[in-house]
Amino acid sequence: MSSLLESIEKEVKHRVYETMIDCLQSYQGQVKEAIEEFQHGTRAFYRANEEDVPYWQGESREAYELVYRDFCGKSRHIFMQLQMNFFMKSAGKSPKFDER
């Protein structure tokens, strides 16, 4: 009876670990996809910045410069958070999100 119970407990633990592995792999895939989409968006922003913005002048240029500096700082912060959470989850730790 004891060995049957141990066998059932072992099978349950095995299934729990399999489920956890599946969840982790799914989460990693989602984070990788988010990183790729974020990088694509930032590349598009910087491309537009290089092509269109040099011709802006006056108030629109000044306003854009404020937005641009803010974007650069926040984009770096978000990208670092995504990478940190991806690697923390890969290491089996719980991700932490900074709400800046």
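I will try to describe carefully the structure that is included in this document. No experiment lies behind these values; they were computed from the predicted model shown.

**Quick word on the pattern of salt bridges**
- Per the stated rule, a full pass over the model turns up three salt bridges.
- Among the salt bridges present, the one from Glu11 reaches Arg15, with a minimum N-O distance of 2.9 Å. Here Arg15 and Glu11 lie together in helix α1 (residues 2-51), a separation of four residues that amounts to about one turn.
- Its relative accessible area of 53% is what places Arg15 among the exposed residues.
- Asp70 is paired through a salt bridge with Lys74; the nearest N and O atoms lie 3.4 Å apart. One end of the pair is Asp70 and the other is Lys74, both in helix α2 (residues 58-90) and four residues apart, which spans about a single turn.
- Residue classification places Lys74 among the partly exposed positions, given a relative accessible area of 49%.

The rules behind the values
- Residues numbered from 1 in each chain as written.
- Predicted model: local features only at pLDDT ≥ 70, side-chain atom pairs only at ≥ 80, totals over all residues.
- Heavy atoms only, no water.
- Salt bridge = Lys/Arg side-chain N within 4 Å of Asp/Glu carboxyl O.
- Helix = DSSP H or I, 4+ residues; strand = E, 2+ residues; numbered from the N terminus.
- Buried < 20%, exposed > 50% of the residue type's maximum accessible area, 1.4 Å probe, protein only.

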